[in-house]
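Residues per chain are reported as follows:
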Amino acid sequence: MVGTFSVTHPASTLLVSWSSVHTFGFHDPLRNQFSGTWLCKSVRKPRVRAMSIGSVKGNQEKGLEVGERLYLGLDFGTSGARFALIDKGGTIKAEAKREYPLYPSEESYDWIRSWKDTLYLLLEDIPIDLRKHIVSISIDGTSATTIIVDGNTGEPVWRPFLYNESCPDALPMVKSIAPPNHTVCSGSSTLCKLVSWWNNADSNKKSALLLHQADWLLWLLHGKLGISDYNNALKVGYDPEVDSYPSWLVSQSYSHVLPSVVAPGTSIGYLKEDIRTKFGFQEDCVVCSGTTDSIAALLAARATQPGKAVTSLGSTLAIKLLSNTRIEDSRFGVYSHRLDDKWLVGGASNTGGAVLRQLFTDDELEKLSEQINPLEASPLDYYPLPKVGERFPVADPNLAPRLLPRPENDVEYLHGILESIARIEAKAYGLLKDLGATEVDEVFTAGGGAKNDKWIKIRERVLGLPVSSAIQTEAAYGAALLAFKGDQQ
Ligand SMILES: Nc1ncnc2c1ncn2[C@@H]1O[C@H](COP(=O)(O)OP(=O)(O)O)[C@@H](O)[C@H]1O
Ligand SMILES: O=C(CO)[C@H](O)[C@H](O)COP(=O)(O)O
């Protein structure tokens, strides 16, 4: 199914409404306003635990005016998912996170079941009395996470391709049809995953449809199959500059599986009746198109001027630099998402939190980081990767992790790893400048790594730039802003 709805780019509208929301006294959320685990931003969020709704209900009724409108954003990241529920002033009314339940399957895990279960568990985690105030929902997901579904039922007909999976078998075919160094000319692109499936599947290809993780999760809520957004669709070949798929792609035998594309934060339809009644949402709750996790993080961080950048330090290291110029160069894993008349230039490295989680628990990270002197350079030189393969600023599916020699002292070891990741970040920003992007002058930090003040100081020293934690570090907040935008439409 190929088709497009041309609309202005959402984020600019969002950023405009964002700034208007900002002038409404967009303030940091209130401190914990009720007992239990419903915490605002200012306190570290535990994973959702069983809570007594009653302890929330009373406060919530006091907290909300009759008819007050709330906006729900869900972020499906690499290691887990979260929701953020905000009001029109941007105050967080509830938020929670869940790690994905893992269901071992023949090759790895049944991710489809994990994501679906997590979606419904998070909806159940929303305080019951807030649900009737929710007027709009949006979801962000990991970029290039690709699901091939039956166009009649929406059920997956193939295992999902994860965001960091590479399909080198398809690369020669993709390179033969796409322009040189196009975004899709990377083994981890959505198009390579689509071509790999097309070449290997024997299932009914005629009725197949391609969806991204966020698209499929949103379909579970609105029931309209085959709709994506032009951030998620970038890596299958969609051109956000002309708001359409290019002719070299539309002419392919598999082009019928491509989803139609709308701007992120576009109202797609009402929440399905069965979902609405099951969870107690109101009748005119709409579901809006989503975006990718690192763009949602950028929206949450309020970076609005060229030269400002957001580094998402989640399981991966995803960089988004606001630039007046569009840069596409798959040789280095560099691509640009559109933001009105500007571009979000960057890429995603496989370095980041996933490596840290292989070596340390979050508590160990916190305790060891406290003992690091961030003003002192570490002599250790690593290339921290969770496994073989890198996407950006080195696009090399065969790049091996380098995490040795390991010193006796874990503080020194962690210091070396954090500093080495900072050096990769610095190399990435230097590459974007060399390729012609607007030079970075300030970096905001999103994701789990944003809570590490020592790491922020190390990065400031290595980057030679002002580096700070964004006021809102969770991508779910950015998805909630997209839901707000969809409601404004
Ligand atoms: N204090 C810390 N310092 C650095 N990294 C941290 C810290 N606490 C958690 N992390 C890292 O944050 C990552 C989780 O961040 P998150 O944004 O939730 O990731 P994702 O959305 O990609 O799943 C984990 O990989 C973890 O190692
Ligand atoms: O690393 C990732 C998962 O967290 C994604 O690749 C990340 O979202 C970067 O992709 P995009 O730039 O398209 O948002």
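Look up: the structure comes first, before these words.
Residues numbered from 1 in each chain as written. Chains lettered and ligands numbered in written order. Predicted model: local features only at pLDDT ≥ 70, side-chain atom pairs only at ≥ 80, totals over all residues. Heavy atoms only, no water.

## Section: the sheet that holds strand E16 (residues 442-446)
One open sheet accounts for six strands, arranged E14-E15-E13-E12-E16-E17; its pairing is mixed. Whereas interior strands pair on both sides, the edge strands pair on one side only; in this sheet they are strand E14 (335-339) and strand E17 (467-469). Going from strand to strand, the sheet's axes swing by 25° on average, the running direction of each strand aside. Note: strand E12 (residues 308-313) against strand E13 (residues 317-323), five bridges, orientation antiparallel. Its bridge partner being in E13, Val 310 is matched across the sheet by Lys 320. Set on the sheet, helix H13 (residues 410-434) makes contact with E12, E13, strand E15 (342-349) and E16; between it and E13 the angle comes to about 30°. Here helix H14 (residues 453-463) sits on the sheet and contacts E12, E16 and E17; the angle it forms with E17, its principal contact strand, is near 155°. (Pairing = 2+ DSSP bridges. Helix = DSSP H or I, 4+ residues; strand = E, 2+ residues; numbered from the N terminus. Axes fitted to C-alpha atoms, helices over the stretch in contact; angles between N-to-C directions. Contact = heavy atoms within 4.5 Å.)

## What about H14?
Listed in full, the buried residues belonging to H14 are Trp 455, Ile 456, Ile 458, Arg 459 and Leu 463. Buried residues in H14, looked at end-on, bunch into an arc of 160°, giving them a common side. Considering only its buried residues, H14 is in contact with E12, helix H11 (353-359), H13, E16 and E17. Two to three positions downstream of the cap, the backbone nitrogen of Lys 454 sits 3.1 Å from a side-chain oxygen, assigning the N-cap of H14 to Asn 452. Of the residues trailing H14, Gly 464 is marked for its positive phi of about 70°. (Buried < 20%, exposed > 50% of the residue type's maximum accessible area, 1.4 Å probe, protein only. Arc of directions from axis to C-beta. Polar contact = N/O pair within 3.5 Å; in protein donor to acceptor, adjacent residues only side chain to side chain.)

## Quick look at the site of ligand 1
Around ligand 1, the structure places 19 residues, and the nearest of them are Ser 79, Arg 82, Ser 315, Gly 353 and Gly 448. One of the side-chain N or O atoms of Ser 79 is found 2.5 Å from an oxygen atom in ligand 1. Compared with its free state, where it exposes 580 Å², ligand 1 has 93% of that area covered by protein. Elements supplying a minimum of two residues to the shell around ligand 1: strand E2 (80-86), H11 and helix H12 (362-370). When residues of the shell around ligand 1 are assigned to their parent elements, the largest contribution, four residues, is made by H11. Per-class residue counts for the shell around ligand 1 are four nonpolar, eleven polar and four charged. (Near = heavy atom within 4 Å. Areas by Shrake-Rupley, 256 points an atom, 1.4 Å probe, with all protein chains shown as cover. Nonpolar A, V, L, I, M, F, W, Y, C, P; charged D, E, K, R; others polar.)

## A word on the packing of H13 against H14
For the pair H13 and H14, the least separation of the axes is 9 Å and the interaxial angle reads 45°. Considering the angle they form, H13 stands oblique to H14. Our pair here, H13 against H14, has a crossing hand that is right-handed. On H14, the residues touching His 415, Leu 418, Glu 419, Ile 421, Ala 422, Arg 423, Glu 425, Ala 426 and Tyr 429 of H13 are Trp 455, Ile 458, Arg 459, Arg 461, Val 462 and Leu 463. (Parallel < 35°, antiparallel > 145°, perpendicular 65-115°, else oblique. Left-handed = near helix turned anticlockwise from the far one by under 90°.)

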